[in-house]
Structure formats: C-alpha cells, structure tokens
Amino acid sequence: MTASTPTALAEIDIRHCDSLQELEQCVQLQKEVWGFDDIDLVPSRVFLVASKIGGQVIGAFRGYELVGYSLSIPGNRNGHVYLHSHMLAVKPGYRNLGLGQKLKLAQRDDAIEKGIELIEWTFDPLEIKNAYLNIVKLGAIARRYNINQYGSFSSPLQGGLPTDRLVAEWWLRSKRVESILAGRAAPDFRIEEKVQVPGEIYAWKQSPGDRTKAADVQQRNRDKFLQAFSQGLVILNYQRDERGSGAFLLGHWDETWSYAKH
Ligand SMILES: CC(C)(COP(=O)(O)OP(=O)(O)OC[C@H]1O[C@@H](n2cnc3c(N)ncnc32)[C@H](O)[C@@H]1OP(=O)(O)O)[C@@H](O)C(=O)NCCC(=O)NCCS
C-alpha cells in the first residue's frame with residue numbers, strides 16, 4: 001500500500017500531541033516540509049509552550065508516525081481571545097487526501113469547545129493550492145496584507161521572494177463557514193475585483209532565470225490587494241482553472257464579524 005491510498009487515510013488518527021517525543025516529530029516534519037535552515041526552525045520547546053498556554057499542537061498519526069501537524073498559539077485582540085495558527089504541514093506522500101482540511105477542522109472543533117470564534121493565519125498569496133484550501137475548502141476570508149512579513153526566509157518554498165502574506169480570518173461560526181463545511185454553496189456576492197496568479201508561478205519561483213517573472217506577479221498583486229482592501233473589499237472566493245492558474249475573487253462581505261484590526 002502506498003502512502004496516498006484511501007485506505008491510508010482511514011488509518012490516520014488526528015489528535016493532540018502530548019509527549020515530548022511527538023513534539024520532536026513535529027520539528028522533524030517541519031524540517032522536511034519547509035527545508036528551513038536550523039536557525040529558522042520553531043523548536044520543540046515552543047510547541048510545548050503553545051500546548052500548555054491555550055494553543056494547539058494537533059498531529060495526524062499513522063500508527064506512531066507523525067504524517068501531519070498544525071500548531072497554533074493564543075492571541076488577544078481588543079479583549080477577544082483568538083488563535084493564530086502558525087503552521088500546517090502534511091508529509092509529502094500524504095497530500096491531497098484531505099488531511100490538511102482534517103487538521104484544520106480539528107483545530108476548529110477544539111477552538112469552539114474553548115469558546116473561541118476566530119482562528120487566523122497568514123499565507124503566501126502566490127501559493128495557489130493553499131489559497132484554494134483556505135478560501136474554498138475552509139471558508140476563510142482575507143482583507144489584510146502584510147508586506148515582507150518575516151523578512152528573508154531560508155525555506156526554498158519562498159523562492160527568495162519577499163515574504164508577503166495575506167491574513168486569513170476563519171470565523172468559525174459565520175454563515176459562510178457553516179455553509180461551506182456543510183457542503184452547501186457559499187453565500188453569493190458581486191465580484192468587484194479579481195487578482196490572478198499564473199500556474200507557472202511555482203516553476204518561476206524555483207528557477208533563478210525566471211524569478212523576476214514571479215517577483216513581477218507578486219508586486220502587481222500586492223498593489224491590487226492593497227488598493228482593494230483600502231476600499232473595503234474582501235477575498236470571498238477563489239477559482240482554479242485547468243491550466244493550474246488561480247484567481248482571488250473579491251467583493252463586499254455581508255456578515256459583520258470583526259474585532260478591530262491589529
Ligand atoms: C498546504 C498543505 C498543508 C495541504 O495539505 P493537504 O493534506 O494536501 O490538503 P488537502 O488534501 O486537505 O487539500 C488540498 C486541496 O488542494 C487541491 N490542490 C492540490 N494541488 C493544487 C494546486 N496546485 N492548485 C490548486 N489546488 C490544488 C487538492 O486537490 C485539494 O482539494 P480537493 O480536496 O478539493 O481535491 C500541504 O500541501 C503542505 O504541507 N504544504 C507545505 C507547507 C505549507 O504550505 N503549509 C501551509 C502554509 S503554513
């Protein structure tokens with residue numbers, strides 16, 4: 001049986017990581033997934049602290065082997081407790097089976113049990129797969145953009161570009177999220193702006209000769225997002241096409257979930 005058969009998914013158990021050895025496995029998987037230099041790795045001590053102060057370290061286990069995890073830490077904005085999800089990782093070979101979504105749903109269940117209504121995380125708007133997972137499969141929205149959030153980044157996934165990030169807001173009990181997770185259509189809206197990402201972006205980021213093309217897309221999209229967000233537009237949907245390209249669809253959100261920003 002290969003890793004990516006449906007049978008393998010049925011054998012995977014999603015649960016809180018509770019031993020130091022499991023937290024060490026998270027660090028090893030982090031290294032494998034992002035390829036960070038050691039200095040950039042989040043150490044097991046931080047995973048431990050997060051698990052003890054109201055954050056979440058949730059693992060996907062096949063037997064004793066960790067094949068995915070999510071890490072979140074508690075935050076507080078204007079008196080509201082929320083969670084910031086800092087990492088979501090699935091081992092290559094176990095991807096595109098729904099495990100990433102399952103780990104996020106486990107975060108949501110645990111958060112709701114604790115009375116939390118918001119989980120946020122940041123993601124690279126050039127990552128077409130992640131945008132699709134966050135917006136279409138989970139129902140997150142985005143209306144904030146952080147330019148070069150982390151400064152330079154040793155992960156090859158970043159392709160040497162500035163670490164621009166969108167902030168995903170996952171309003172756990174919003175109409176939008178509840179509809180999407182129940183398999184119903186997301187509430188309709190009028191499309192006011194479209195921001196496109198070509199499917200070649202992955203190859204451009206990895207090839208030094210083409211990197212300027214990726215940088216141009218990043219710069220163009222950065223300007224569009226900043227402009228759209230300043231007009232109150234919100235990312236509410238994402239389209240993929242058969243060529244592997246993606247497009248963010250923006251409009252006005254008719255729900256009023258918000259904590260004052262930052
Ligand atoms: C992001 C990540 C956690 C997703 O995990 P996963 O288990 O593969 O996610 P899922 O299977 O739940 O969902 C992936 C979806 O993206 C789709 N997808 C796969 N490749 C895609 C692509 N190039 N473009 C668009 N969508 C794509 C899959 O078909 C699937 O959707 P479907 O269920 O409708 O078919 C995993 O790819 C990963 O570890 N990536 C590296 C680290 C990372 O980027 N982490 C997130 C940012 S912190």
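Look up a bit, the structure's there.
Now for a quick tour of the structure.

Thresholds applied
- Position labels on residues start from 1 in each chain and follow its written sequence.
- Side-chain atom pairs in this predicted model are given and counted only at pLDDT of 80 or more, local residue features only at pLDDT of at least 70, and totals for whole chains, interfaces and linings cover all residues.
- Heavy atoms throughout the structure, all of them, feed into the side-chain values; hydrogens and water do not.
- In this text, helices come from DSSP runs of H or I with a minimum length of four residues, and strands from runs of E with a minimum of two, each type numbered from the N-terminal end.
- Type-normalised accessible area, obtained with a 1.4 Å probe on protein chains alone, sets the label of each residue: buried when under 20%, exposed when over 50%, and partly exposed for intermediate values.
- By convention, a stacked pair of Phe, Tyr or Trp rings (six-membered ring in the case of Trp) has centres within 6.5 Å and planes under 30 degrees apart, an edge-to-face pair has planes over 60 apart, and any other such pair is tilted.
- Any carboxyl oxygen of Asp or Glu within 4 Å of a side-chain nitrogen of Lys or Arg constitutes a salt bridge here.
- The cutoff for a nearby residue is simple: one of its non-hydrogen atoms must lie within 4 Å of the molecule or strand.
- Polar contact criterion, stated in full: a pair of N or O atoms within 3.5 Å, where within protein one must be able to donate a hydrogen and the other to accept it, and residues adjacent in sequence count only if both atoms are side-chain atoms.
- All accessible-area figures derive from a Shrake-Rupley calculation using a 1.4 Å probe, and residue coverage is judged against the displayed protein chains alone.
- Polar here means any residue other than Ala, Val, Leu, Ile, Met, Phe, Trp, Tyr, Cys and Pro, which are nonpolar, and Asp, Glu, Lys and Arg, which are charged; Gly is therefore polar.

With that settled, consider unusual backbone geometry. If a residue is not glycine, its phi is most likely negative; likewise, a peptide bond is most likely trans. At Asn-78, a position not held by glycine, the phi torsion is positive, near 50°. Relative to the helices and strands, Asn-78 resides in the loop between β3 (65-77) and β4 (80-90). Since its relative accessible area comes to 52%, Asn-78 is described here as exposed. A positive phi is found at Asn-148, a non-glycine position, where the angle reads about 45°. Looking at the element boundaries, Asn-148 is found in the loop between β6 (141-146) and β7 (165-171). Exposure remark for Asn-148: the relative accessible area of 33% places this residue in the partly exposed category.

Let us look at the packing of aromatic side chains. Across all of its chains, the model carries 11 aromatic pairs by this definition. Here the aromatic rings of Tyr-145 and Phe-225 are separated by 5.6 Å at their centres, their planes lie at 25°, and the arrangement is stacked. A residue pair is termed long-range when its members are at least 10 positions apart, and Tyr-145 in strand β6 and Phe-225 in helix α8 (residues 211-230) qualify at 80 residues. Here Tyr-145 matches Phe-225 in class, with each residue buried. An aromatic cluster of at least three residues, connected via ring pairs, comprises Tyr-145, Phe-225, Phe-229, Tyr-238 and Phe-248.

So, on to the pattern of salt bridges. Following the criterion strictly, the structure yields 18 salt bridges and no others. Among the salt bridges present, the one from Asp-124 reaches Arg-165, with a minimum N-O distance of 3.8 Å. One end of the pair, Asp-124, is in the loop between β5 (118-123) and α5 (128-137); the other, Arg-165, is in strand β7, and 41 residues separate them in sequence. Per residue, the accessibility class of Asp-124 equals that of Arg-165, and both read buried. Where Arg-222 meets Asp-164, a salt bridge forms, and the shortest distance between an N and an O atom there is 2.7 Å. Of this pair, Arg-222 sits in helix α8 while Asp-164 is found in the loop between β6 and β7, placing the two residues 58 residues apart along the sequence. One exposure class covers both Arg-222 and Asp-164, and it is buried. Salt bridges sharing common partners tie together Arg-77, Glu-120, Arg-143, Arg-144 and Glu-169.

So, on to the site of the ligand. Taken together, the neighbourhood of the ligand is formed by 19 residues, with Leu-88, Asn-96, Gly-98, Lys-129 and Lys-137 sitting nearest. Contacts to the ligand include Val-90, whose backbone N or O atom sits 2.9 Å from an oxygen atom. One of the side-chain N or O atoms of Arg-95 is found 3.5 Å from an oxygen atom in the ligand. Expressed as a share of its isolated accessible area of 960 Å², the protein-covered part of the ligand is 78%. If you list the elements that add at least two residues to the shell around the ligand, you get α2 (20-34), β4, α4 (99-113) and α5. With 6 residues, the single largest contributor to the shell around the ligand is α5. A breakdown of the residues in the shell around the ligand according to their chemical character gives 10 nonpolar, 5 polar and 4 charged.

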